[in-house]
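Each chain, letter by letter, is given below.
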Amino acid sequence: MTDFDPEKFEDKYVHYFPELQRAYKNAFETMNEEYDSTLIHGIDQEILNESEPMYEDGEFRIDLPENPHDRLTSVVVDDEKLDATLDRYTDEIRAELRRVFGVQS
């Protein structure tokens, strides 16, 4: 577990890049085991590759790029299923960020 400093998280890619990679990788592996791997790979490569993990008011959040539905071109999926899967995926990333950084929600 890494000593977490919320102020350093503002410059997260300098101070916490390996931890961020680990959290995203762990979330990917969990999601890949539970959901259609083609959909998870598409979300990972076409939506989450441009996501931004943030830390505010004691909580992590994942800011997605604009128009995530339009970004996903490698998989045909209805909006409802994509929204539900994205919600679950971002919840998993947030949980992994809390675990990796030892931050309680």
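These lines cover the structure that appears in this document, whether it is placed above or below. The shown structure was predicted, so the numbers you read here are calculated from the model rather than taken from an experiment.

Below, the discussion takes up the packing of helix α3 (residues 17-34) against helix α6 (residues 79-101). In the contact formed by α3 and α6, the axes pass within 8 Å of each other and the chain directions differ by 135°. Here α6 runs oblique to α3, going by the angle between their axes. By crossing handedness, the relation of α3 to α6 is classed as right-handed. Packed against α3, whose contacting residues are E19, L20, R22, A23, Y24, N26, A27, F28, T30, M31 and E34, the element α6 presents T85, R88, Y89, E92, I93, E96, L97, R99, V100 and F101 at the interface. Within the contact of α3 with α6, the residues separate by chemical class into 11 nonpolar, 3 polar and 7 charged.

Glancing now at the environment of D36. Mapped onto the elements, D36 comes out in the loop between α3 and α4 (37-46). It is 23 Å that separates the C-alpha atoms of D36 and L97, two residues lying 61 residues apart in sequence.

Taken together, the side chains of D70, D78, D79, E80, D83 and D87 define an acidic patch exposed on the protein surface. Along the chain, D87 falls in helix α6.

Let us look at the nonpolar core. Core analysis: the largest hydrophobic core is formed by 26 residues, its most contacted members being I43, Y89, I93, L97 and F101. At the level of elements, α3, α4, β2 (59-63) and α6 are the ones that each hand at least two residues to this core.

So, on to the pattern of salt bridges. Close approach of charged atoms lets side chains of opposite charge pair. Inspection of the entire model under this criterion finds 8 salt bridges. Measuring nitrogen to oxygen at the nearest pair gives 2.6 Å for the salt bridge that ties E56 to R61. Residue class for E56 comes out partly exposed when judged on its relative accessible area of 42%. Ionic pairing is found between R61 and D63, a salt bridge with its closest N-O pair at 2.7 Å. Of the residues examined, R61 reaches a relative accessible area of 31% and is grouped as partly exposed.

Let us look at the pairing of strand β1 (residues 52-56). Relative to β2, β1 runs antiparallel, the two sharing 5 bridges. Across the sheet, the residue bridging to P53 is I62, located in β2. Linking β1 to β2, which pair antiparallel, is a turn of 2 residues; within it D57 sits at a positive phi near 50°.

Our focus in this paragraph is the packing of aromatic side chains. For the structure shown, the criterion picks out 13 aromatic pairs. Between F4 and F101, the ring centres sit 5.0 Å apart and the planes meet at 55°, which makes this aromatic pair tilted. Of this pair, F4 sits in the segment before α1 (6-9) while F101 sits in helix α6, and the two are 97 residues apart along the sequence. The pair F4 / F101 is uniform in exposure class, with both members buried.

The rules behind these values
- Residues numbered from 1 in each chain as written.
- Predicted model: local features only at pLDDT ≥ 70, side-chain atom pairs only at ≥ 80, totals over all residues.
- Heavy atoms only, no water.
- Axes fitted to C-alpha atoms, helices over the stretch in contact; angles between N-to-C directions.
- Helix = DSSP H or I, 4+ residues; strand = E, 2+ residues; numbered from the N terminus.
- Parallel < 35°, antiparallel > 145°, perpendicular 65-115°, else oblique.
- Left-handed = near helix turned anticlockwise from the far one by under 90°.
- Contact = heavy atoms within 4.5 Å.
- Nonpolar A, V, L, I, M, F, W, Y, C, P; charged D, E, K, R; others polar.
- Patch = residues over 30% accessible without salt bridge, like charges linked within 9 Å, V, L, I, M, F, W, Y side chains within 5 Å.
- Areas by Shrake-Rupley, 256 points an atom, 1.4 Å probe, with all protein chains shown as cover.
- Salt bridge = Lys/Arg side-chain N within 4 Å of Asp/Glu carboxyl O.
- Lys, Arg positive; Asp, Glu negative; His and termini not counted.
- Charge placed at Lys NZ, Arg CZ, Asp CG, Glu CD.
- Core = buried A, V, L, I, M, F, W, Y, C linked by side-chain atoms within 4.5 Å.
- Buried < 20%, exposed > 50% of the residue type's maximum accessible area, 1.4 Å probe, protein only.
- Pairing = 2+ DSSP bridges.
- Phe/Tyr/Trp six-rings, centres within 6.5 Å; stacked < 30°, edge-to-face > 60°.

Don't take any of this as a statement about function, it's just geometry.
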